[in-house]
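Residue strings, one per chain:
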Amino acid sequence: MIENLLKERILILDGAMGTAIQNFLLEENDFRGQEFENHAFNLKGNNDVLNLTKPEIIAEIHKKYIDAGADIIETNTFNSNALSQQEYGLADLVYRLNFEGAKIAKQQAQNADKQVFVAGSIGPTSKLLSLSPDINRPEFRATDFDFLATTYAEQVSGLIDGGVDILLIETAFDALNVKAALYAVSQVFDNKQVKLPVMVSATVNDRYGHTLTGQSLEAFYNSISHFPLLSFGLNCSFGAEMLMPLIERLHKVIPCYLSIYPNAGLPNEMGHYDETPCFTASVIEKMAQRGLLNIVGGCCGTTPEHISEIKKHLQNIPPRSILHCHCGLDPQSLENKAIPAFAGMTKSLIVSGLENVVIDKKISNFVNIGERTNVAGSAKFARLIREKNYEEAAQIAKNQIENGASIIDINFDDAMLNSAEEMEKFVRYISNDADIAKAALMIDSSDWQTIVAGLKNFQGKSIVNSISLKEGKEVFLQKAREIQRLGAAIIVMAFDEKGQAASFERKIEICRRAYDLLTQKLDFQPYNIIFDVNVLTIGTGIDEHNNYAVDFIEAVRWIKNNLKGALTSGGISNLSFAFRGNNAIREAMHSVFLYHAINAGLDMGIVNPAMLQIYDDIEPNLLQKVENVVLNKTKNATEELLEYASSCHSREGGNPPQNKTFQPTGDSRLRGNDTILAVENRLANALRYGNSEFLADDLREALQKYSSAVEIIEKPLMAAMDKVGELFGEGKMFLPQVIKSAKVMKTAIEILQPEIETQKSAEFSQKRPKIVIATAKGDIHDIGKNILCIMLACNNFEVIDLGIMVENQAVIEAIKLHKPDFVGVSALITPSLSEMADLCQMLENEQFKLPFFVGGAAASAIHTAVKLSPLYSFGVFYG
Ligand code: THG
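Residues numbered from 1 in each chain as written. Predicted model: local features only at pLDDT ≥ 70, side-chain atom pairs only at ≥ 80, totals over all residues. Heavy atoms only, no water.

A.B. asks: Looking at this model, I keep getting lost on helix α10 (residues 240–253). Mind explaining?
C.D. replies: An α-helical turn contains 3.6 residues, so any two residues separated by three or four positions project in the same direction. Over its 14 residues, α10 runs 20 Å from end to end, which matches the ideal 20 Å to within 8%, given 1.5 Å per residue. The largest bend in α10 is about 30°, located at Leu246. Those residues of α10 lying buried are Ala240, Leu243, Met244, Leu246, Ile247, Leu250, His251 and Val253. (Helix = DSSP H or I, 4+ residues; strand = E, 2+ residues; numbered from the N terminus. Expected span 1.5 Å × (residues − 1). Bend = angle between axes of the 7 residues up to and from the residue. Buried < 20%, exposed > 50% of the residue type's maximum accessible area, 1.4 Å probe, protein only.)

Shown next, in the form of structure tokens:
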């Protein structure tokens, strides 16, 4: 076992293969003239072909390195992948090149009189996955993740079948290429039911340790840290001397063995490497004496002489110890916040773009995730994406970073967009801008393919937002496993087969179950699990919502105390949807909520970083009112905040003065100052201001004027409700006020009900419109739909609510059973829209004659018109 040897001594890797081959060929050419030129496979620098045509040359080079002292020899397969071989028209030889390459090396290893390991060399290809080769097309790529992973899988299969002991992914200059390689490796391991040690070696582009794509070495390592490696290190680049400081850096952060095999210095003007074996070996000796090394060899320009010299210099120098890494905590280094990447050894979550972002309370109390790059959360971003104005859309990401976001949440879920395509394009686009690419990404979608598209185009370590147990544990684990292979952390939402958790008990029940599944069935690292226990809207006017914020905060506290190592997050702006249009109130709510949630242990949150107020700066009167709402301290908290809201202006200035729309409710104003208003106006005010104090009197008066109770409902009351709807739509009324209006409407109908009966206008009750309503299959969001049901019930509808995640067939059966006047389905997540399309088709097939209403955040007028309406001829309406 190589692991055991590595504990005892520094192992020697061989030196350059390419330069050795060229030298060999030059010598042969001197003897044999043009023979190689005429060879069946025209070489043209395709050294790997020699595995098939001149295996004896390769075997000879291996032997020289073994004799020089190498413990590990590398196969001659650096370019044996389809991308490199297709340039020679040999893409179909990938498997054989690797298989034969492995066999040649293995044979030499077996011939040796000591233990020699064979490492299968896997080069980077000539194409980058993270950068465009065409500066005018930032979203263009010369190849893609799946193509690369497929050819790497073929290469790895050939190497394993040929008998290698180790896989060595080397000269890596783009972490995304390495992710594709490791993805392929784990697939092949699964298929073949084998596991070999894997080494990764990167090459840097400058002395500060950036790869070609601009990523820091630490971030590079972090991007691939999901894969348990035998070793990580550096090769090629500059000579050993310039790499020394970088090796020191790696030594501090990587928990696996450390390798280095540098060039023999930098090439001179003639392209030759001048560093003498003795010089290279003496620099390496220095590193070894500092305890930095586990595996050492040579890259371009090094020869068997270099290797034997290195071996001589390293005799009796002990290897770098990685014990401190495996035992986890290194308290001393943890204190050193100047090296945040050290946290990697302390089991905290590190995400990355070009740089690492450490999520650890010891380093930063709270991490801001920018919410504005979300087509569902920002009208402006949605417009820019629709217009394909990626440049300005990217600017929104940049602004968020400037305002303090270290992670950017990106979401393209929209009925009229191909979200997977947009995800790919945007991620690629921003990879070219170092100011944006430095941040980590949170890939936000309810569509699985879109999440995968994000992961396969991002070189850093990202966070998937999100997966949940709503489709059961099999699907949950399957997705989690794939995310693990692609190297991301995950947000787990507190949803399950029964729906969205609103109460404390349900939140912790679901999180406990998800935690156990991920850590026990998949070996998930706890720090890669981030629980989102649902920030739900408070201050809606519906009493059941009053404790939502408290339940969230307490669930966060419970998770931090009970689910060891797991992190917590939430979508903070959800909290204040009821106060849309009043940013001052919304900001204050967010700050108060965050203050308490962070105290309870919240690690990160999706926020608008430009709009976070400092808790202590909140005007004391407002602070108290907001605290009462957020912490559910008093019964009238929402009402009191509303009153405050009515008398203050939004900071954004975009909204009309609220005090014109809202007057405190009360007798004089309802009825006008001393002058009595017309009864219609009094009723309208009662609904608008949610005041039922004089309702009975006013309705009695109206009954004198109108011919029937039904007419009062249909004319003045409905007109008033229309007005309420209009004001809400314009952002001039807030949700709790609308709920109050609806409750007054309900009271009005109750007051009129006996009249309706006595007037024998039984017609009205018979005519009570009936609606069958459901949340689409796969969708568990029903808060909006529940509010709608209250509204409808208050407006004398008979509501048959089928609940959440309703199969289309169940809707059809309910229609047959209840014979409603309308059917309605709501959806919050975009995948539900295709369920709606299927339902349209089914309604059409049944030849139903009733209007179909669609609603919810995912639905839109345009999607309804373009995608749904053609499918059902009676009529599909956007509600
Ligand atoms: N949990 C997780 N992910 C999430 C959420 C969550 N992603 C989406 C959402 N919730 C968090 N993001 C936002 C983004 C914007 C707003 C709210 C939440 C928002 N936008 C303004 C509004 O709707 O009033 C729009 C303003 C504008 O158009 O400019 O409030 O909970 N895991």
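There is more to say, and it comes next.
A.B. asks: Honestly, helix α20 (residues 473–485) in this entry has me stumped. Any pointers?
C.D. replies: For α20, spanning 13 residues, the distance from its first C-alpha to its last is 18 Å, which sits close to the expected 18 Å at 1.5 Å a residue. Within the sequence span of α20, burial applies to Phe476, Leu477, Ala480, Glu482, Ile483, Gln484 and Arg485. Check the buried side of α20 and you find it contacts α8 (175–192), α19 (448–455), β14 (463–467), β15 (489–493) and α21 (504–521). Looking at the residues trailing α20, positive phi occurs at Gly487, about 80°. (Contact = heavy atoms within 4.5 Å.)

A.B. asks: It is not clear to me how the packing of aromatic side chains should be interpreted in this structure. Could you clarify?
C.D. replies: Two descriptors summarise a pair of aromatic rings, namely the distance from one centre to the other and the angle between the planes of the rings. Evaluated as defined, the whole model comprises 13 aromatic pairs. Considering the side-chain rings of Phe381 and Phe426, the 5.6 Å spacing of their centres and the 90° angle between planes classify their relative orientation as edge-to-face. Here the residue Phe381 occupies a position in helix α15 (residues 379–386), and Phe426 occupies one in helix α17 (residues 419–431), the gap between them amounting to 45 residues. Under the relative-accessibility criterion, Phe381 is labelled buried at 0%. For Phe426, a relative accessible area of 0% corresponds to the buried category. Here a set of aromatic residues connected by ring pairs shows up, and it is made of Phe797, Phe822, Phe853 and Phe877. (Phe/Tyr/Trp six-rings, centres within 6.5 Å; stacked < 30°, edge-to-face > 60°.)

A.B. asks: Could you clarify how one ought to interpret the pattern of salt bridges in this entry?
C.D. replies: Where side chains of opposite charge bring their charged atoms close, a pairing between them can arise. A full pass over the atoms with the stated rule returns 40 salt bridges. One salt bridge connects Arg137 with Asp134, and the closest N-O pair in it is separated by 3.0 Å. Between Lys723 and Glu726 there is a salt bridge whose closest N-O contact spans 3.2 Å. Here the residue Lys723 and the residue Glu726 both occupy positions in helix α30 (residues 709–729), the gap between them amounting to three residues, near one helical turn. For Glu726, a relative accessible area of 40% corresponds to the partly exposed category. Linked through salt bridges whose partners overlap, the residues forming this network are Asp496, Lys498, Arg506 and Glu509. (Salt bridge = Lys/Arg side-chain N within 4 Å of Asp/Glu carboxyl O.)

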